[in-house]
Amino acid sequence: MRPLLGFDMDGVIIDSEDFSEVNWICEAFTKTLRDFGIPENEENIRALYIKNMRCNAAVFCRRFGIDDPRLMWERREEHYITEKLAALNAGAITLYPDVRILKDLTCKYPMALVSNSPQVVVDRVVTRFSLAGLFRVQIGRGSSLQSLSRAKPAPDMLNEMKAVLKATAGYYVGDEPGDVQAALAAGLLPIRLVRDGGPGDIHSLIELGDYLQRIVLS
Ligand SMILES: [Mg+2]
């Protein structure tokens, strides 16, 4: 049985980081706060990141008199999807040029995309950048607050990838500690991609083929 090769999406396949003052993610979260009359400051924007929402949604909502955190989450999800799709359409989110090298690996490994982005966004990325020939499956997270418990660093989505690809072993390429944690929990070998030259396993997808070769031989 061939080992699988899984990829995180943001920071690995697409460049979705936007350092402009009014970027798409800031826009989405500011609109969410505005909908509930919550002060639009950095601290409150940060509270809407997934890792904070999954632990602190109830506490954050209670502080601002929102009885049901699901109401806040639904609005946050709506704005997040709208703004991210708009950024994709506008060309503010781009495909990393080194993704083209991955087609050389498709004959060796069944490949998949697994992302903490909502499924609709992951599907749009695959369509927009014509990635269907590269990945046999693309898995995004669910859109309910409850489904956040399945998002990385939980292993659930990576286990789903293993089941779909009928593989028991493989690798997962990610750019964040949560990717490494999820990979290990799912019994996969994590490969840390660090694009800014810091310490990591690879610094570009161009290095991936050789890296895989080296660890198979070692
Ligand atoms: Mg990432």
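Sequence positions are assigned chain by chain, starting from 1 and proceeding in written order. Owing to the predicted nature of the model, reporting of local features is limited to residues with pLDDT of at least 70; listing and counting of side-chain atom pairs is limited to 80 or more, with chain, interface and lining totals taken over all residues.

1. Structural notes on the nonpolar core
Cut-off, in case you're wondering: When buried Ala, Val, Leu, Ile, Met, Phe, Trp, Tyr and Cys residues are joined through C-beta atoms within 7 Å, the set is termed a nonpolar core. Three exposure classes are used, all based on how many other C-beta atoms lie within 10 Å of a residue's own C-beta (placed from the backbone): buried at 20 or more, exposed at 12 or fewer, and partly exposed between those limits. By definition, any uninterrupted DSSP run of H or I lasting at least four residues is a helix, any uninterrupted run of E lasting at least two residues is a strand, and each is numbered from the N terminus. Two residues form a contact once the distance between their C-beta atoms, set from the backbone, is within 7 Å.
Core analysis: the largest hydrophobic core is formed by 38 residues, its most contacted members being Met9, Ala112, Leu113, Leu158 and Val173. Sorting the residues of this core by element identifies β1 (4-7), β4 (111-118), α5 (119-128), α6 (156-164), β6 (170-174), α7 (177-185) and α8 (208-217) as the ones contributing at least two each. Not counting the four nearest positions on each side in its chain, leucine 113 is found in contact with Phe7, Met9, Ile13, Val122, Val126, Phe135 and Gln138. Core analysis: the next-biggest nonpolar cluster, separate from the first, contains 14 residues, Trp24, Ala28, Met72 and Tyr80 among them.

2. Structural notes on α5
Where we set the bar: Relevant arc is that of directions from the helix axis to the C-beta atoms, nothing else.
For α5, the full list of buried residues reads Val121, Val122, Val125 and Val126. Down the axis of α5, the buried side of the element spans an arc of 140°, and every buried residue falls inside it. Contact partners of the buried residues in α5: β2 (14-15), α4 (69-90), β4 and β5 (137-141). Positive phi appears at serine 130, one or two residues downstream of α5, with a value of about 50°.

3. Describing the environment of threonine 30
Structurally, the position occupied by threonine 30 is in helix α1 (residues 24-35). Judged by C-beta crowding, with 19 C-beta atoms within 10 Å, threonine 30 ranks as partly exposed. Threonine 30 sits 14 residues away from asparagine 44 along the chain, and the two C-alpha atoms are 8.7 Å apart. For threonine 30, the residues in contact, after removing those within four places along its chain, are Glu40 and Ile45.

4. A closer look at the pairing of β5
We count it as follows: Two strands form a pair only when DSSP identifies at least two bridges running between them. For a crossover, the right-handed case is the one in which the path from the first strand over the helix to the second runs clockwise, viewed with the strands pointing away from the viewer.
Looking at chain direction, β4 and β5 are connected through four bridges and run parallel. Note on β5: the bridge partner recorded for valine 114 is isoleucine 139. Each parallel crossover has a hand, and for β4 linked through α5 to β5 it is right-handed.

5. Observations regarding the packing of α4 against α5
Threshold: Axes here mean lines fitted to C-alpha atoms, for a helix over just the part in contact, with angles spanning 0 to 180 degrees between N-to-C directions. Note on terminology: angles under 35 degrees are roughly parallel, angles over 145 are roughly antiparallel, angles of 65 to 115 are roughly perpendicular, and the others are oblique. When residues are sorted by character, Ala, Val, Leu, Ile, Met, Phe, Trp, Tyr, Cys and Pro go into the nonpolar class, Asp, Glu, Lys and Arg into the charged class, and all the rest, Gly among them, into the polar class.
Between α4 and α5, the shortest axis-to-axis distance is 10 Å and the interhelical angle comes to 10°. Regarding the angle of α4 to α5, the classification is roughly parallel. Each of Ile81, Lys84, Leu85 and Leu88 in α4 lies in contact with α5, whose residues at this interface are Val120, Val121, Arg124, Val125 and Arg128. Broken down by class, the residue content of the contact of α4 with α5 amounts to six nonpolar, no polar and three charged.

6. Focus: the domain arrangement of the chain
The condition is simple: Segmentation of the chain into domains, including their bounds, is taken from an automatic or database domain assignment.
Under the domain assignment used here, the chain contains domain 1 (4-15 + 94-217) and domain 2 (24-90). Between the C-alpha centres of domain 1 and domain 2 the distance comes to 26 Å. The interface is formed by 12 residues belonging to domain 1 together with 12 residues belonging to domain 2. For the side of domain 1 that touches domain 2, the secondary-structure elements that each account for two or more residues are β4 and α5.

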